Amino acid sequence: MADREVVLRTQDLGYAYRPGQYAIRHLSIELGRGEVLGLLGRNGAGKTTTVRLLTTLLPPTEGTAWILGQDLRSGGRGLRSRLGVVLQAESLDFVSVERNLDLYAFMWGVPREVAKSRAEEMLELFELGHVRRRKPWALSGGERRRFQVARELMHDMEILFLDEPTVGLDALARRRILKYLRERARRGLSIVFTTHILHEADMLCDRIAVLHQGSLLATDTPECLKQRFGGAREVRVEFGDALPPAHVQEFVVGLHERGASVLQPEGAVAPGMDTSSFEFRSDKAETLLPWITTWSGSRGHVLERLSISEPTLEGAFLGMIGGGEQDGLDEPETERRTSTNGRPGNPPPPGTSGGLRRDMGVAK
Amino acid sequence: MTLPPILRLVVRNFVSNFDPISVVVRFGQPAVTIVVLGTMFSSIVPASQTGGQSYTSFLVPGMVAFQMVSGGVVSGNLFWLDRRWAMVEQIFSGPFLRSEYLAGLVLTTLLFSLFGVAVMVGVAVPLIGLPAISLLDLATVLATVGLGGIFFAGLLIALGTRLRSANAYFSIQSFLQLFLIFLSTVYYPVGPSTPRALAAVINVNPLTFAAFAIRHAFANQLGPAVLVNLGILGALAAVSFVAAAWGFRSMNLGPIQ
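Residues numbered from 1 in each chain as written. Chains lettered and ligands numbered in written order. Predicted model: local features only at pLDDT ≥ 70, side-chain atom pairs only at ≥ 80, totals over all residues.

Novice: Which parts of the structure should I look at to understand the overall build of chain B?
Specialist: Along its length, chain B carries 10 helices and 0 strands. The N-to-C order of helical and strand elements in chain B reads α-α-α-α-α-α-α-α-α-α. Over its C-alpha atoms chain B spans a radius of gyration of 19 Å, differing by no more than 12% from the 18 Å that the globule rule assigns to 257 residues. For chain B, the proportion of contacts with a sequence separation of at least 24, taken over those separated by at least 6, is 83%. (Helix = DSSP H or I, 4+ residues; strand = E, 2+ residues; numbered from the N terminus. Rg over C-alpha atoms; globule rule 2.2 N^0.38 Å. Contact = placed C-beta atoms within 7 Å.)

Novice: Would you take a moment to explain the overall build of chain A for this structure?
Specialist: A tally of helices and strands in chain A yields 11 helices and 16 strands. When the 364 residues of chain A are sorted by exposure, 40% land in the buried category. Within chain A, contacts between residues separated by at least 24 positions form 69% of all contacts whose residues are at least 6 apart in sequence. (Buried ≥ 20, exposed ≤ 12 C-beta atoms within 10 Å, placed from the backbone.)

Novice: In this structure, what is going on with the domain arrangement of chain A? I would like to understand it.
Specialist: The accessible area lost on association of the parts is a frequent measure of interface size. Residue and element names in this part refer to chain A. Domain boundaries in chain A define domain 1 (6-227) and domain 2 (229-359). Facing 15 residues of domain 1, the contacting portion of domain 2 comprises 14 residues. Elements that contribute at least two residues to the side of domain 1 that touches domain 2 include exactly α7 (198-204), β10 (207-212), β11 (215-220) and α8 (222-229). With 4 residues, α8 is the largest single contributor of residues to the side of domain 1 that touches domain 2. Tallied by class, residues from the side of domain 1 that touches domain 2 come to 8 nonpolar, 4 polar and 3 charged. (Domains from an automatic or database assignment. Nonpolar A, V, L, I, M, F, W, Y, C, P; charged D, E, K, R; others polar.)

Novice: Is there a simple way to explain the packing of helix α1 (residues 5-17) of chain B against helix α5 (residues 98-128) of chain B in this structure?
Specialist: Each pair of packed helices gets described by two things: the angle between the helix axes and the distance between those axes. Residues and elements named next belong to chain B. At a minimum axis distance of 8 Å, the contact between α1 and α5 shows a crossing angle of 55°. Here α5 runs oblique to α1, going by the angle between their axes. Two packed elements cross with a definite hand, and for α1 against α5 that hand is right-handed. Two secondary-structure elements touch here, α1 through P5, I6, L9, V10, N13 and F14 and α5 through E100, Y101, A103, G104, L107 and T108. (Axes fitted to C-alpha atoms, helices over the stretch in contact; angles between N-to-C directions. Parallel < 35°, antiparallel > 145°, perpendicular 65-115°, else oblique. Left-handed = near helix turned anticlockwise from the far one by under 90°.)

Novice: When you look at the pairing of strand β5 (residues 62-67) of chain A in this model, what are you seeing that I'm missing?
Specialist: Sheet faces and side chains relate simply in a regular strand, where the side chains alternate between the two faces. Residue and element names in this part refer to chain A. Judged from the 5 bridges that link them, strand β1 (residues 6-18) and β5 form a sheet pairing that is antiparallel. Within β5, the position partnered with G14 by the bridge is E62. Examined bridge by bridge, β5 and strand β6 (residues 70-71) share 2 bridges and lie antiparallel to one another. Across the sheet, W66 pairs through a bridge with D71, a residue of β6. Hairpin connection from β5 to β6: 2 residues lie between these consecutive antiparallel strands, with L68 at a positive phi of about 50°. (Pairing = 2+ DSSP bridges.)

Novice: Explain helix α2 (residues 72-80) of chain A here, please?
Specialist: Since the α-helix packs 3.6 residues into each turn, any two residues three or four apart lie on the same face. All names here are of chain A. Among the residues making up α2, those that are buried are L72, L79 and R80. Buried residues in α2, looked at end-on, bunch into an arc of 70°, giving them a common side. Turned more than 90 degrees away from the buried face of α2, the exposed residues are S74 and G78. (Arc of directions from axis to C-beta.)

Novice: I'm lost on helix α4 (residues 112-125) of chain A in this one. Help?
Specialist: Residues and elements named next belong to chain A. Its 14 residues place the ends of α4 20 Å apart at the C-alpha level, agreeing with the 20 Å of an ideal helix rising 1.5 Å per residue. Residues A115, R118, A119 and M122 constitute the buried set of α4. Mapping the buried residues of α4 onto a view down its axis gives an arc of 110°, with all of them on the same face. Counted as exposed and oriented over 90 degrees from the buried face of α4: E113, S117 and E124. Buried residues along α4 sit in contact with α3 (97-107) and α5 (141-152). A positive phi of about 50° marks E127, the residue just after α4. (Expected span 1.5 Å × (residues − 1).)

Novice: It is not clear to me how the confidence of the model for chain A should be interpreted in this structure. Could you clarify?
Specialist: Detailed conclusions should not be drawn from predicted coordinates in areas where pLDDT is low. The pLDDT averaged across chain A works out to 85; a share of 88% of its residues lies at or above 70. Predicted confidence for residues 324-364 of chain A stays below pLDDT 50, and this span has 94 contacts to residues more than four positions away or in other chains. (pLDDT = per-residue confidence, 0-100.)

Novice: Which parts of the structure should I look at to understand the interface of chain A and chain B?
Specialist: With 19 residues of chain A in contact, the opposing surface of chain B contributes 19 residues. Along the lines of polarity and charge, the residues of the side of chain A that touches chain B split into 11 nonpolar, 4 polar and 4 charged.

Novice: What am I meant to see in the nonpolar core here?
Specialist: Most often, soluble globular proteins have nonpolar side chains that are buried together. Ranked by size, the top nonpolar core spans 142 residues in total, and within it V192 of chain A together with V64, A65 and M120 of chain B carry the most contacts. Considering every element that reaches this core, the biggest residue donor is helix α3 (residues 55-84) of chain B, with 15 residues. Viewed by domain, this core spans two of them, domain 1 (6-227) and domain 2 (229-359) of chain A, each represented by three or more residues. The contacts of V64 of chain B, once residues within four sequence positions are left out, are V117, M120, V121, V141, V145 and I214 of chain B. Grouped together as the second largest cluster of nonpolar side chains are 11 residues, V235, V237, F239 and F280 of chain A included. (Core = buried A, V, L, I, M, F, W, Y, C linked by C-beta atoms within 7 Å.)

Novice: I'm lost on the packing of helix α6 (residues 135-162) of chain B against helix α10 (residues 224-249) of chain B in this one. Help?
Specialist: Residues and elements named next belong to chain B. Across the interface, α6 lies against α10 with an axial gap of 7 Å and an inter-helix angle of 30°. With respect to α10, the element α6 is oriented roughly parallel. In this structure, α6 meets α10 at a crossing whose hand is left-handed. Looking at side-chain class alone, the contact of α6 with α10 contains 16 nonpolar, 8 polar and 1 charged residues.

Novice: When you look at the confidence of the model for chain B in this model, what are you seeing that I'm missing?
Specialist: Residue and element names in this part refer to chain B. For chain B, the average pLDDT comes to 91, and 98% of its residues sit at 70 or higher. For chain B, helix α2 (residues 20-42) is the element with the lowest average pLDDT, namely 89, and helix α9 (residues 206-218) is the one with the highest, namely 95. On the interface metric, ipTM, the complex scores 0.86, and its pTM is 0.80.

Novice: I would appreciate a short explanation of unusual backbone geometry in the present structure.
Specialist: Across residues other than glycine, the phi torsion is negative in most instances, and most of the peptide bonds are trans. All names here are of chain A. The residue after Q264, namely P265, is reached through a cis peptide bond having omega 0°. Inspection of the secondary structure puts P265 in the loop between β13 (261-264) and β14 (277-282). The backbone of E127 shows a phi angle near 50°, a positive value even though the residue is not glycine. Classification of E127 as partly exposed rests on a count of 15 C-beta atoms within 10 Å.

Novice: What is the right way to look at the environment of V204 of chain B in this model?
Specialist: Along the polypeptide, V204 of chain B turns up in the loop between α8 (196-203) and α9. Measuring from C-alpha to C-alpha, the distance between V204 of chain B and L78 of chain B comes to 27 Å, with 126 residues separating the pair along the chain.

Novice: Hey, could you run me through the environment of A89 of chain A in this one?
Specialist: Residues and elements named next belong to chain A. With respect to the helices and strands, A89 occurs in the loop between β7 (83-86) and α3. Overall, A89 belongs to the partly exposed group, with 17 C-beta atoms counted inside 10 Å. Taking the C-alpha atoms as reference, A89 lies 9.7 Å from R145; in sequence the two are 56 residues apart.

Novice: Whenever I open this one, the pairing of strand β8 (residues 159-163) of chain A confuses me. Can you help?
Specialist: Residues and elements named next belong to chain A. Among the 5 residues in β8, 5 count as buried, and that is most of the element. Bridging between β7 and β8 involves 4 bridges; their strand directions are parallel. Counterpart to G84 in the pairing with β8 is L160. As judged from the 5 bridges shared by β8 and strand β9 (residues 190-194), these two strands associate in the parallel manner. Residue pairing in the sheet places D163 in a bridge with T194 of β9. Where the polypeptide runs from β8 across helix α6 (residues 171-186) and back to β9, its parallel neighbour, the crossover connection is right-handed. (Right-handed = clockwise from strand over helix to strand, strands pointing away.)

Below you can see the structure in the form of C-alpha cells.
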C-alpha cells in the first residue's frame, strides 16, 4: 500500500450545521485507486454527511479535501463528472426502469450504443430484466435499491460513493452486488461504501473508517481492527468424559486465575449438570490453550474438542464505540450481550451471526 | 455528439414529465373552456361589454395569457417532484451546475407555455378565424407568455425550495392558480361597475398585465401601454427568478415529504 495512488485525501474535514454543532469533524482519511473504503458508524455518526461532503452536495465548513487531484471546494462539475454516487434516499424518474437507465446515461452524455449495451448488462447483473418495463415505484424495496445501483453504473467514473446500497436486499442479491463491486475495484474503481452490515463491510472493504458522533475513531484494515479492538474471545472446551466435582472446581479456578470469565457451567456443581464441556471468555484466549492441554493430560481427561471464536468486526466495532446494550444496531436482542468480565463490546456467543468459531482441531 | 448540459436537462424534463393524461388535461381544459364557455357566453354577453368583440374573441387572448401559468406549473411541479424523489440531489451530484438545472426548468417552462399558446390558437381559429397579427404582435405574445411563465415558474420553484411538505406545496400552488385566474381579466373585463377593491386586486395581478398585452397584440394595437405592461411583467419575472436562484443556493437538500 505504500506506493498506492491516492485518489482522495481529506485533512481535518468538517461540517457544522450551525456554529458549534458539528455533523462531522476532524475527518482525515485517504482512499487509494482500486481501494474500497468502508465508513462504519451508528445512525447519525456522520457517514451520510461525509458522503455528501465528498460529493460536493454539502460545502465543508472546515478542513480540506483533494479528490482526483482537485480541491473539493473548487472542483465543481469537472470533479463530479468523475464520480458516481448512490445516495441513501431513493431517487427516480417517472419512467420505466429501462427508460430510467437510458435517460440517466443520456444525462451523463454516454454514447447511445454504449448506453444500450450497458443497460442490458446492468439489467441482467442486477436481475432487473423481468421488471424492465415497470415504473421504479412499482418495484419491491430490494428491486428499487438494485435499480439505484444499476443506474449509477451506467456511466464511467473513477470513484463510486455508495451510501447504504444494500439496504433491503436479500442475501443472494447482496452477495452478487458485493462481488461485482469487488471486481470493479480490482479493475481500478475506488469505492467509498457506508453500511450498517458489518459482515459485508468485512467482506468488501480493504480498509474501514469507524465514525462515532461525528469523529473518526479509527481507520485500518478489517483484520487489524479486529485484532486491535476485537475484545475478548470465547473458547469452548469439551472433554471426553464428565469431570468429577473436584476437577471441575480446579479447572474453573485455574481459568479464573488466568483472567478468564467462565460462562458455562454457571455456579456450583450440581447433580445432573454437564461437566464435560466448558465455555469461557478471555482477552488472551490463545495463551490459555497450552495450560488447558497440560492440565487435562495431567488429570487423565481426554480433550475431545477445543474451539475458539474468531474476533469479529462487530466485536471490534462495538468495542470501539463503547456499545453493547444501547448500540442502536439492527440485530435481534439475543445477539447483544454484555461481557461478564466488565469489558463492553464482546463478540456475540456461538450460534449467533457474530460467533464465527475456529476449530482448533483437537483429535479424540 | 453530446448536447450541452442544459439541453440534456430539458430533454430529461420532457421525457420524465411527459404524462399523456396530465398533458391532455393541462392543455385540454383551457381549450374546452374556449369552446364551451366562449360559445355559451358569446350569446349572453353583449359585445359592448367586451370591447366591441365577441366573448370568444375576448376570451382567447386571456386563455393564451393563462398558458404562462400552465407552463409555470409544469416546471414548479417538476422541481417539487425532483426534490421529493431526490432527483435534485442526484442531478446536483452529477456533471451539472445548479444554475443549469434552474435554466433547464426555465427553458422547459417556455417550451410548455409556447406549446400551450399554439394549442389555444389552434382551437380558437375555427371559432374566431386566424388573428391577423404582425410579426411584432406575435413576438409580443410570445414574450408576454415567456416572461409570465418565468414569473410563475420562479415563484413556484422559490416556494418549492422552502416548503418541506407536498400538502403545503400543492395547496399553495392551487390557491395561486385560482387567485391568478379569477382575480384577473382573463375571463372578464374590469368595468365601471366592478367593485373598487376587487378592481384594485385585479389590476395588480401579473396575469392581468399579460392578458392586457396579448389582447392588444391580437388587436394590432401595440403601444406604450403594452410596453409598460410588458416591462412590469419582465420586472416581476426577474424578481421571481432571483428568488428561485436564491432559494437554490440556500436550499436544504435533505429529505422532504
